[in-house]
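# Summary of the model geometry
Single-letter residue listing:
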Amino acid sequence: MKIGIISAMQEEIQALLNHLENPKEEEKGMRIYYTGTLYGTPVVLVFSRWGKVASAVTTTQLINDYNVDEIIFTGVAGAVSSTLKIGDIVVGKNLMQHDMNAYPLYPKYEIPLLGKGAFETTNSERLLEASKSFLGNFSTYITSEEADEFRISKPKVVVGDIVSGDRFVTDLNKIKKLRVEFPEAKCVEMEGAAVAQVCYEYGIPFSIIRIISDEANHSAAIDFPKFCESIAQKYVKGIFENYFSLISL
Ligand code: ADE
């Protein structure tokens, strides 16, 4: 069982790299693929860079050259659901590309020639359990000062849909549109549905976890980098420590 873990931020991959045993690295196509063992499980870690093309090409390389049995994407996202706040966690259910539109040739949001516009995740239960364990021990990973800085109080995990597109969203009108077009969407980001499409096409199980770094509004461009620099890595460390301890049970 070998797991590929992709993140769109180097900070998050770094949180896992710090614990990687017998690490080896290889550079291909401007990405570094780190292989080794994480808490006893063989893994390949890679920072995909941002956007659908960057993440799709990284996923394809990971599948073709590293023989992974499943792929997990970990990263941050902007909230779409008004019930989500910075510091909450979304475990993805269906992934859709909100900027795909080949209408009238194909229905809006449908991926041409695939006959579908939503990609369902598999193996998500363990990410949900790991997130719950992490949140149950939140104060061992995140100090109260760090939580206060981002006004994080009682963070929660939800399971729901994620929409992806090549656009960093900082506009409430865009969020309102996404809520109408994708009523089940919890958050918006720039990679997940592209990775999901590649995994679907290659028949590789895919799951995704996203931490809310901003509310995709006028302050997103300030909240997002601050959250990534100071706190996202601690979430990733906490969630994956719990994730791999569930595997070894
Ligand atoms: N990733 C994190 N925040 C985001 C946002 N506001 N829009 C798109 N992707 C994001």
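Worth saying up front: this structure is predicted, and the values here are computed from it rather than measured.

Packing of helix α1 (residues 10–17) against helix α9 (residues 232–247) brings their axes to within 8 Å, and their N-to-C directions diverge by 40°. Considering the angle they form, α1 stands oblique to α9. Pair α1 / α9 crosses with right-handed handedness. Note on element contacts: α9 touches α1 through Ala232, Gln233, Val236, Lys237 and Phe240, opposite Glu11, Glu12, Ala15 and Leu16. Each residue belonging to the contact of α1 with α9 can be placed in one class, and the counts come to 5 nonpolar, 1 polar and 3 charged.

Interhelical geometry of helix α8 (residues 220–230) versus α9 gives an angle of 50° and a closest axis separation of 4 Å. By the angle between their directions, the pair α8 and α9 is classed as oblique. The residues of α9 that touch α8, namely those facing Phe227, Cys228, Glu229 and Ser230, are Ala232, Gln233, Lys234 and Tyr235. Residues that form the contact of α8 with α9 fall into these classes: 4 nonpolar, 2 polar and 2 charged.

Glancing now at the nonpolar core. Residues Ile5, Leu45, Phe134, Phe227, Tyr235, Ile239 and Phe240 are the most contacted members of the largest nonpolar core, which totals 42 residues. No other element matches the 7 residues that α9 contributes to this core. Residues in contact with Tyr235, not counting those within four places in the same chain, are Gly87, Ile89, Phe134, Phe138, Ile142, Ile152, Pro155, Ile211 and Phe227.

For the ligand, the set of nearby residues contains 13 residues, the closest of which are Gly78, Phe168, Val169, Glu189 and Asp214. In the environment of the ligand, a nitrogen atom lies 3.3 Å from a nitrogen or oxygen atom belonging to the backbone of Gly78. Between the ligand and the protein, one listed contact pairs a nitrogen atom with a side-chain N or O atom of Asp214 at 2.7 Å. A total of 3 residues in the shell around the ligand trace back to one element, the largest contributor, which is strand β5 (residues 70–79). Residues belonging to the shell around the ligand are distributed by class as follows: 8 nonpolar, 2 polar and 3 charged.

The next point concerns the environment of Glu201. Structurally, Glu201 is set in helix α7 (residues 192–202). Here Glu201 falls in the partly exposed class, since its relative accessible area comes to 46%. In this structure the C-alpha to C-alpha distance between Glu201 and Thr60, which are 141 residues apart in sequence, comes to 10.0 Å.

Below, the discussion takes up the side chain of Asn217. In this fold, Asn217 is placed in the loop between β10 (206–214) and α8. The class of Asn217 is buried, set by a relative accessible area of 14%. Setting aside residues no more than four positions away along its own chain, Asn217 makes contact with Val169, Thr170 and Asp171.

Thresholds, definitions, all that
Residues numbered from 1 in each chain as written. Predicted model: local features only at pLDDT ≥ 70, side-chain atom pairs only at ≥ 80, totals over all residues. Heavy atoms only, no water. Axes fitted to C-alpha atoms, helices over the stretch in contact; angles between N-to-C directions. Helix = DSSP H or I, 4+ residues; strand = E, 2+ residues; numbered from the N terminus. Parallel < 35°, antiparallel > 145°, perpendicular 65-115°, else oblique. Left-handed = near helix turned anticlockwise from the far one by under 90°. Contact = heavy atoms within 4.5 Å. Nonpolar A, V, L, I, M, F, W, Y, C, P; charged D, E, K, R; others polar. Core = buried A, V, L, I, M, F, W, Y, C linked by side-chain atoms within 4.5 Å. Buried < 20%, exposed > 50% of the residue type's maximum accessible area, 1.4 Å probe, protein only. Near = heavy atom within 4 Å. Polar contact = N/O pair within 3.5 Å; in protein donor to acceptor, adjacent residues only side chain to side chain.

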